[in-house]
Amino acid sequence: MDAPASLLVTGTLLGLLLPGYLLLRGLRVPPSIAIGAAPALLAGAVAPLTIQLRGSFATGDGWMMTVWVVAGAMALAGAVLWVFSPKLAEAKREPSRLLMGVALGAMVIALAVTAYQILVGMGGLDVPLQRRDSVSHYNVIAGIFNEWGTVHPLETRGWMIGAKGAVSFYPSTFHALAAAIPVEQGVVAGNILAVVCAFLWIIGLTSLARVLFPTHPGAWIAAPLVTLLTISFPFIAMFRQGQWPFGLSLALTPGVLALFLYAVRSRSILGGLGVLLGIVGIIALHPSGVAVFAAVVFAAAVVELGERAVAASSGRVRTERLMPPAVALLILVGTVAVYVIASQSPSVIAMGSYARPQTPALELTGAMVSFGHFSVNEPFPIAPAIGLIALLVIGSLVAVRHRTSRTFFGAGLVFFIFLLLTPLEGNVAHVTGAFWYGDPERLLAVLSMFTTLAAALGAGWLVEKIAPRVAGDRDIVRGGVSLLIVTLALSITWLDRNHVRTDIIVEGNFQPSFTSPYFVGGPAWDDGDAEFWQGTAEIVGNDAVMTDSASGGVLLPAMANVRAVPAVTTFSSMPPHGQEAAWMLRDPDPLPAESAACVFLHENDIRWIYLERAYDTRFAASHFRSTLVAPHGELVAEDGPRELWRINDCWN
């Protein structure tokens, strides 16, 4: 990572962490928990403003300053509270600063290695991820930068398809946060936040391991290091699929879960308020974020009733309970009611039955257990993480026996059942898969939280069995044995996993593709496009450009700050008169001045056409062609396959 890139990434990471961390410390939350939950609190504070403000916040300087003002106010309030709040009680402090320090050191190592793998594969923060989803996200951010759209979740994408105002709901908190990064390109902002997302995942898992396994410090140390072999998340979601709002929502979940468990155990009202704000942030990033918390509550109810039934049958008296039995029963009844209502909703069924190739349940299970990944769309070979599989088995068995982690892994079992249902047809599979559009890859991403922590617990359990047999200071021995166990587990498949994470998952997605239907298509944005638009952007000025939905032109907003229509990878997303304009500009007959096509061009100030001659791609038939465009305007700039035409029809 070069110096400017490292500064941008580090500054963004600190900007997301510091305000929430100071606020939680002011609310007397321990530091190991506060650091994991911090970014979700900032997201929770920003999310309502995307609906109410849309632009500047009493500053007149736009959305970026709005976020900075909110972050600064949160940090200042937290610092004041921290100064005047009493110190943490002895029982809430870290039992061993040495072991916590080793865990933090392991976390820093995991962050550094992950950053290296991502940026080596990516090639640079200004290189676009050439996937359908990411193109849309880049351009939403560019729209906020250039004020073509707003941060309102109903108004972020209208300009991209030539439809002003509200179009359809899409969670915009990810884009709102990215648009607060002080850079000029939507691609750079999106890539920075994607990289930081991977960091927040590692930090959150470390916090959650600390809360879930208080008597197994080896698990705290192992958790961040285990992520160095995982594939399904964050690499698949963030750097293969471009599912950024979902990815950031999931990345923040472990940290807020840690705060949730802490607040429940300590009965902290202030901690509970932090949880509520964090959950708002997670749901605002992507509504599927609520599912993990719902699964944890559901699993707690099942565990409570199950333990109560076992105790009653054996004649034992339970001294502890997770919740009153009436509440547990109410949760179960509520879950059934939600399912019945959802199963009758056409929208829910449509989301859960989203057409996509499915993978057999056995292969999905193998991918989950082996810490690998399987996609029927783009399969690639990954050697199973043998060392982690052993730790996963041990940790899963330990989790069942220990009450502190039983509920959490019960929630993991819920998601495993959801995963097994994805290849099936029927209402049950459609309802349980609706949050993830029936996508098993997203469920594998969610499950990676549970498998990673189970493997960490396995390492922590082994440490507690081995360390007493080694002479020396107890904490030093436990820290050393932890690092040794994890190093051995990682070393078995390190070379393969490092290659996969650096090259296969990332690098191929940041290059043009002429074959895969899940990329933008060919020719996608490359160095030639960048050079061409260095000069032609000044010619276009503030006008809009109609471009091919499959060419590098869709990245004009994010790469060159040039407004393009469509700025998504399909013409069919445009309104009817926009589609008419696109097709009539391919017709040799001139556009009538009173036509709906001309109305569309005037509404969107479209005075230019950018085309790239393309052959032997699945998009070749839909591209603009010089011979068809010529009757409607004049060629202004040309470089190889790239041509910029001025539209004369409708404007003269």
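Coordinates for the structure precede this section.
Bear in mind the structure is a predicted one, so any value in this text is a computation, not a measurement.

A. The arrangement of the overall build of the chain in detail. Scanning the chain for helices and strands turns up 26 helices and five strands. Here the chain, with 652 residues, has 57% of them falling under the buried criterion. Summed over all atoms, the accessible surface of the chain reaches about 25,600 Å², with 65% contributed by carbon and sulfur.

B. Just the sheet that holds strand S1 (residues 544–547), in detail. Pairing is mixed across the open sheet formed by five strands, whose spatial order is S2-S1-S3-S5-S4. Each end of this open sheet is capped by a strand with a single partner; those strands are strand S2 (563–565) and strand S4 (633–639). Ignoring strand direction, the axes of neighbouring strands in this sheet form an average angle of 30°. Direction of pairing for S4 relative to strand S5 (residues 642–647): antiparallel, over a ladder of six bridges. The partner of Glu634 across the bridge, within S5, is Arg646.

C. Region of the structure containing the pattern of salt bridges. All chains considered together, the criterion is met by eight salt bridges. Ionic pairing is found between Arg607 and Asp543, a salt bridge with its closest N-O pair at 3.7 Å. Taken together, the residues span a long stretch of sequence, with Arg607 in strand S3 (residues 606–612) and Asp543 in the loop between helix H22 (527–540) and S1 at a distance of 64 residues. A relative accessible area of 31% places Arg607 in the partly exposed class. When salt bridges that share partners are traced, they join Glu464, Asp475 and Arg478 into one network.

D. Main features of the packing of aromatic side chains. Under the definition given, this model contains 17 aromatic pairs. Taking 5.0 Å as the distance between ring centres and 55° as the angle between the ring planes, the aromatic pair formed by Trp148 and Trp159 counts as tilted. With Trp148 in the loop between helix H5 (132–146) and helix H6 (173–178) and Trp159 in the loop between H5 and H6, this residue pair connects regions lying eleven residues apart in the sequence. An aromatic cluster is defined as three or more aromatic residues linked by ring pairs; in this entry it consists of Phe213, Phe408, Phe409, Phe415, Phe418, Phe435, Trp436 and Phe450. The residue whose ring lies beneath Arg210 is Trp220, and the NZ or CZ to ring-centre distance is 4.5 Å. Over the ring of Trp583 we find Arg586, and its NZ or CZ is 5.0 Å from the ring centre.

Rules of the game
Residues numbered from 1 in each chain as written. Predicted model: local features only at pLDDT ≥ 70, side-chain atom pairs only at ≥ 80, totals over all residues. Heavy atoms only, no water. Helix = DSSP H or I, 4+ residues; strand = E, 2+ residues; numbered from the N terminus. Buried < 20%, exposed > 50% of the residue type's maximum accessible area, 1.4 Å probe, protein only. Areas by Shrake-Rupley, 256 points an atom, 1.4 Å probe, with all protein chains shown as cover. Pairing = 2+ DSSP bridges. Axes fitted to C-alpha atoms, helices over the stretch in contact; angles between N-to-C directions. Salt bridge = Lys/Arg side-chain N within 4 Å of Asp/Glu carboxyl O. Phe/Tyr/Trp six-rings, centres within 6.5 Å; stacked < 30°, edge-to-face > 60°. Lys NZ or Arg CZ within 6 Å of the ring centre and 35° of its normal.

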